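Here are the chains, one letter per residue:
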Amino acid sequence: MTVKLNWLRGCATALVTPFTATGAVDEERLRSLIEYQISGGVELLVPCGTTGESATMSEEEDQRVIGITVETAKGRARVIAGTGSNSTAAAIDYSRAARQLGADALLSVAPYYNKPTQEGLYSHFRAIADAVDLPIIIYNVPGRTSCNIAAETTLRLARDCENIAGVKEASGNFSQIMEILRSRPEGFRVLSGDDAITLPLIALGADGLISVASNEVPELMSQMISLALEGKWEQARRLHYRLLPLMEVNFIESSPGPVKAAMAMLGLIEENYRLPLVPIQESSRKRVRAVLSEAGLLKEASHAA
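Cut-offs and rules
- Residues numbered from 1 in each chain as written.
- Predicted model: local features only at pLDDT ≥ 70, side-chain atom pairs only at ≥ 80, totals over all residues.
- Heavy atoms only, no water.
- Phe/Tyr/Trp six-rings, centres within 6.5 Å; stacked < 30°, edge-to-face > 60°.
- Lys NZ or Arg CZ within 6 Å of the ring centre and 35° of its normal.
- Helix = DSSP H or I, 4+ residues; strand = E, 2+ residues; numbered from the N terminus.
- Contact = heavy atoms within 4.5 Å.
- Pairing = 2+ DSSP bridges.
- Axes fitted to C-alpha atoms, helices over the stretch in contact; angles between N-to-C directions.
- Buried < 20%, exposed > 50% of the residue type's maximum accessible area, 1.4 Å probe, protein only.
- Expected span 1.5 Å × (residues − 1).

A.B. asks: Would you mind going over the packing of aromatic side chains with me for this structure?
C.D. replies: Scanning the model with the defined rule gives zero aromatic pairs in all. Just above the ring of Y122 sits the side chain of R156; from NZ or CZ to the centre is 3.5 Å. One cation-aromatic arrangement involves K168 over Y139; the distance from NZ or CZ to the ring centre is 4.0 Å.

A.B. asks: Help me out: how do you make sense of the environment of L297 in this one?
C.D. replies: In this fold, L297 is placed in the segment after α12 (282-294). For the pair L297 and E216, spaced 81 residues apart in sequence, the C-alpha separation works out to 9.1 Å. Residues contacting L297, with those up to four places away along its chain left out, are V217, L220, R242, L246, L266 and L292.

A.B. asks: Quick question: what am I supposed to make of unusual backbone geometry here?
C.D. replies: Excluding glycine, residues mostly carry a negative phi; peptide bonds, for their part, are mostly trans. Of the consecutive residues S255 and P256, the connecting peptide bond is found in the cis state with omega at 10°. If you trace the backbone, P256 turns up in the loop between α10 (233-249) and α11 (257-265). Looking along the chain, the bond that leaves L275 and enters P276 is cis, with omega of 15°. Within the secondary structure layout, P276 lies in the loop between α11 and α12. Even without glycine at this site, Y113 takes up a positive phi of about 70°. Within the fold, Y113 resides in the loop between β4 (105-109) and α4 (118-131).

A.B. asks: How should I be thinking about the sheet that holds strand β2 (residues 44-46) in this particular structure?
C.D. replies: Pairing between sheet strands relies on hydrogen bonds along the backbone, with the strands arranged either parallel or antiparallel. The strand order around the closed barrel formed by eight strands is β1-β2-β3-β4-β5-β6-β7-β8, and the pairing between neighbours is parallel. Strand-to-strand twist across the sheet, computed as the mean angle between neighbouring axes with direction ignored, equals 25°. Pairing geometry for strand β5 (residues 136-140) and strand β6 (residues 164-169), over five bridges, is parallel. Its bridge partner being in β6, I137 is matched across the sheet by G166. Sheet strands touched by α4: β4, β5 and β6. Its angle to β4, the strand with the most contacts, is close to 160°.

A.B. asks: Can you help me understand the pairing of β5 in this one?
C.D. replies: Look at any regular strand and the pattern is simple: side chains alternate between the two faces of the sheet. For β5, the buried fraction is high: five of the five residues fall into the buried class. Every second residue of β5 is oriented toward a common face, with I136, I138 and N140 on one face and I137 and Y139 on the other, all of them buried. Here β4 runs beside β5; their pairing, made up of four bridges, is parallel. Note that in β5 the partner of S108 across the bridge is I138.

A.B. asks: How should the side chain of T51 be read in this particular structure?
C.D. replies: Relative to the helices and strands, T51 resides in the loop between β2 and α2 (59-73). Residue T51 is classed as buried on the basis of its relative accessible area of 7%. Once you skip the residues sitting within four places of it in the chain, T51 turns out to touch A14, L15, V16, T17, V212, N215, P256 and V259.

A.B. asks: What am I meant to see in helix α3 (residues 88-101) here?
C.D. replies: Residues separated by three or four positions in an α-helix point in the same direction, a consequence of the helix having 3.6 residues per turn. The terminal C-alpha atoms of α3 lie 20 Å apart, and with 14 residues this matches the ideal 20 Å at 1.5 Å per residue to within 8%. Turning to α3, its buried residues are A90, A91, I92, S95, A97 and A98. Of the surrounding secondary structure, the elements contacted by the buried residues of α3 are α2, β3 (78-82), β4 and α4. Of the residues trailing α3, G102 is marked for its positive phi of about 100°.

Spelled out as structure tokens, the structure:
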């Protein structure tokens, strides 16, 4: 029996991690970004995921970012901490640390590089669920991990592990996602991991989105998801098509390169990365700026952090 989380629904933001010019976590900008999200109606915050560049952050930095997110949210938004690893033991350690820091739930990505079998994936997530008494959202993003969590494996975990509460599906495989939606146990949440296909997934029964674009436009993304979940499809479609070029341009180069460039244009952060990520090419930068302008967003850049 899956634990029911009535709050695990709607628009969550996969937070970028602002860095200073010297490469340190920019804690002041992070706090400002969290306030910007909450003021825009986002009620679910996801620090230390792919968009947060957690792959180049130390364990201490991860914990600091999670702690700041919990502290700044102050109960106004739930915190789903990214604690995944391709080492099961490390994922358990990170998850226990996030629990101590006050996270409400965990986002745990499929093990990357190892390329485990489906039985290995099941055993990995089962071990984390047995070790940590927090709700867990498994994260399927085969484009990043070279490892797909099959629908059968997701459903088996949902049935066998009470605290595996949902999945963030970023496979882009509609047949696979529909199988999960059709066969999931009551209370198991399915969240889109791709901004651009969220509207059709909600029409099929999905419960929301963990978004990249909401870093830039939290209010508009929150509105779109709320309208869709309320069945107000015409209004939701209008917002979807207004924001679709932004959703797409955010991935014109490796994420979070374009979204960080856009956020810098909007005055939200300074555009700093950690190697091996580098600033986007000038041609991409021009496209990002054009998309922001066409969407009428650059004039809204008064939210400078």
